[in-house]
Amino acid sequence: MTSGSAAVGALDATAVRVLPGTRARGRLRAPTSKSVTNRVLILAALAGGTSTLREPLECDDSRAMRACLTSLGAQIDGSASTWRVDGTGGAVASPPDPLDAGLSGTTARFVTAVMALGEEGGVVTGAAPLRRRPIGPLVDALRTLGAEAEDSDGGLPVRLSGGGITGGEVDVDVAASSQFASALLLTAPYARNDVTCRLRGAAAGAYIALTVDLMRRWGAEVNAVPLGWRVRAGVPYRSRDVAIEYDASAAAHLFALAAASGGAVTISNATPTRQPDAGAVSVFAALGCEVSGGGGATTVSGPAQLRPIDVSLSAMPDQVTTFAAMAALAPGTSVLRDVGVARMHETDRLEALATELGRLAVRVDAEADTLTIHGGAARGPARLRTHDDHRLAMAFTALGTCIDGVTIEDPGCVAKTYPAFWDDVRALGCRWERRGDEVSR
């Protein structure tokens, strides 16, 4: 079986069983960043002229973003490695049909703000799991800034009446997602007046800083103010030719294979980045891994035995799945703090981790904002559900490299952000096989 067919074989399987006994070893390139790809797509779609995006991430989330932006008037063409985007210059179309964000929270939130710029508005919706995720704080903030918008009990669908964004000052509640602030900031250069966006509630602020950094690179005027940012209206984005950087979140899942199996994985394209999940390497070091780097590459080597950790993941809550899995293997009690926002991601990740790790005889205490894992005695066999969550699937794969009998349902959910994941797992020497249609109990 070739590597390409291996990936397809997992993506369309009911489940896969990960086979233990092999240490993950190798050097490869992580996929490019979903977070950066989707932000840059917004920038290019709002800019005037033609932008070129090199090595963008082709995945379910970016396909959803491309489809929505095309409906809003941008023209996006090109091969898998290069996309050309003819921007709207801020003159956003008002599509007659609802825009479908699929399962992509980034798409739903960013596109909702972009659609507010149109003359007639429209509707943004998504798949059932996405409709359960919050968007109300973004809609409230858009109304404060003069847009006409209505959500559905705090979620999708959102209906926008059009007419643009007036601008002004707004406090945006980012406790549920930093994407609410990023969505407002990304569209603010095209408001009629300056926009001052102040943050209320704890959030992964590094992702907002990533948004601001990209906006500035594309020509926007953004200045820090107490508790937030001010964006100058009438200073639009300029078309650019850019290469998309690696995905630090995806790289962490590959490093987890090394940490769990006692192997060594090198990511060869780990260039300097503002992505907060690049900080995951410091947590791997706290777990007892050896971390080394240089020349744009980073290597994580797993120890003979992982150590328990007590760490705040406020800057990178997506990695609660990764480090909960590592903690399950480490003898002793680990505490993952400041992760309450993960209850409002693809699923309630804290409850999902407690349930699924429990199938491996791992006791997990899931509190409002903290996950406590009593590790060191995980055992199989167990069939683990992924709850429509790509990060659960990737985290559980690391467990399967050292625990016999780990079967992972719906392995194709990784296509949301990392379609080549199963291919890369095999490239690192780890083994898996398709399983049948039995279901978890």
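The structure we're discussing is the one just above.
Residues numbered from 1 in each chain as written. Predicted model: local features only at pLDDT ≥ 70, side-chain atom pairs only at ≥ 80, totals over all residues. Heavy atoms only, no water.

Asker: Help me out: how do you make sense of the overall build of the protein chain in this one?
Answerer: In terms of regular secondary structure, the protein chain is built from 14 helices and 24 strands. A compact globule built from 441 residues should have a C-alpha radius of gyration of about 22 Å, and the protein chain, at 21 Å, falls within 12% of that. With the principal axes as the frame, the protein chain shows a C-alpha extent of 60 × 45 × 45 Å. Within the protein chain, counting contacts between residues at least 6 apart in sequence, those at least 24 apart form 75% of the total. In the form shown here, the protein chain has an accessible surface area of approximately 15,800 Å², with 47% of it arising from carbon and sulfur atoms. Computing the positive centroid from 43 side-chain charges and the negative centroid from 47, the protein chain places the two 5 Å apart. (Helix = DSSP H or I, 4+ residues; strand = E, 2+ residues; numbered from the N terminus. Rg over C-alpha atoms; globule rule 2.2 N^0.38 Å. Contact = heavy atoms within 4.5 Å. Areas by Shrake-Rupley, 256 points an atom, 1.4 Å probe, with all protein chains shown as cover. Lys, Arg positive; Asp, Glu negative; His and termini not counted. Charge placed at Lys NZ, Arg CZ, Asp CG, Glu CD.)

Asker: Can you walk me through the packing of aromatic side chains in this structure?
Answerer: The relative placement of two aromatic rings is captured by the distance of their centres and the angle of their planes. The final tally for this structure, using the stated rule, is six aromatic pairs. The interplanar angle of 80° and the centroid separation of 6.2 Å between the aromatic rings of Phe255 and Phe284 together place this pair among those described as edge-to-face. Taken together, the residues Phe255 in helix α9 (residues 248–261) and Phe284 in helix α10 (residues 280–286) connect sequence positions 29 residues apart. Between Phe421 and Trp422 the ring centres are 5.2 Å apart and the planes differ by 70°, which places this aromatic pair in the edge-to-face class. A network of ring pairs unites the aromatic residues Tyr418, Phe421, Trp422 and Trp432 as a single cluster. Across from the ring centre of Trp83, 4.3 Å away, lies the NZ or CZ of Arg66, which sits over that ring. (Phe/Tyr/Trp six-rings, centres within 6.5 Å; stacked < 30°, edge-to-face > 60°. Lys NZ or Arg CZ within 6 Å of the ring centre and 35° of its normal.)

Asker: What exactly am I supposed to notice about the side chain of Ser104 here?
Answerer: Assignment of secondary structure puts Ser104 in the loop between β6 (99–100) and α4 (105–115). Looking at Ser104, the relative accessible area reads 1%, which means it is buried. Within the local environment of Ser104, its side chain forms a polar contact with the side chain of Thr107, the two groups lying 2.7 Å apart. In this structure, Ser104 is in contact with Asn38, Asp61, Ala64, Leu130 and Lys416, ignoring residues within four places of it in sequence. (Buried < 20%, exposed > 50% of the residue type's maximum accessible area, 1.4 Å probe, protein only. Polar contact = N/O pair within 3.5 Å; in protein donor to acceptor, adjacent residues only side chain to side chain.)

Asker: Can you help me understand the side chain of Thr372 in this one?
Answerer: Note that Thr372 resides in strand β21 (residues 370–375). The exposure class assigned to Thr372 is buried, which follows from its relative accessible area of 11%. Not counting chain neighbours up to four residues away, the residues in contact with Thr372 comprise Thr333, Ser334, Val335, Arg363, Val364 and Asp365.

Asker: I would appreciate a short explanation of the environment of Pro308 in the present structure.
Answerer: Its location among the elements puts Pro308 in the loop between β17 (297–301) and β18 (310–312). On a C-alpha basis, the gap between Pro308 and Leu329 in space is 8.6 Å, while along the polypeptide they are 21 residues apart. The residues contacting Pro308, other than those within four sequence positions of it, are Ala330, Pro331, Gly332, Thr333 and Ser334.

Asker: Honestly, helix α13 (residues 390–400) in this entry has me stumped. Any pointers?
Answerer: Counting along an α-helix, one turn takes 3.6 residues, and residues three or four places apart therefore face a common direction. The element α13 is largely enclosed, with a buried count of eleven among its eleven residues. Here α13 has its buried residues at His390, Arg391, Leu392, Ala393, Met394, Ala395, Phe396, Thr397, Ala398, Leu399 and Gly400.

Asker: What exactly am I supposed to notice about unusual backbone geometry here?
Answerer: Here Leu156 and Pro157 are connected by a cis peptide whose omega angle stands at -5°. The peptide bond linking Gly380 to Pro381 adopts the cis configuration, its omega dihedral lying at 0°. Note that Pro381 resides in the loop between β21 and β22 (382–384). Of note, Asp388 is a non-glycine position whose phi angle comes to about 60°, a positive value.

Asker: I'm lost on the sheet that holds β22 in this one. Help?
Answerer: Sheets are built from strands that pair by backbone hydrogen bonding, the pairs being arranged parallel or antiparallel. What the four strands build is an open sheet, ordered β22-β23-β1-β24; its pairing is mixed. A single partner strand is all that each edge strand has here, and the edge strands are β22 and β24 (431–435). Strand-to-strand twist of the sheet, defined as the mean angle between neighbouring strand axes without regard to direction, takes the value 25°. Relative to strand β23 (residues 406–409), β22 runs parallel, the two sharing three bridges. Its bridge partner lying in β23, Leu384 is registered against Ile408. On top of the sheet, α13 reaches β1 (15–19), β22 and β23; it is set at about 165° to β23, its chief contact. (Pairing = 2+ DSSP bridges. Axes fitted to C-alpha atoms, helices over the stretch in contact; angles between N-to-C directions.)

Any functional reading would require information beyond the geometric quantities listed.
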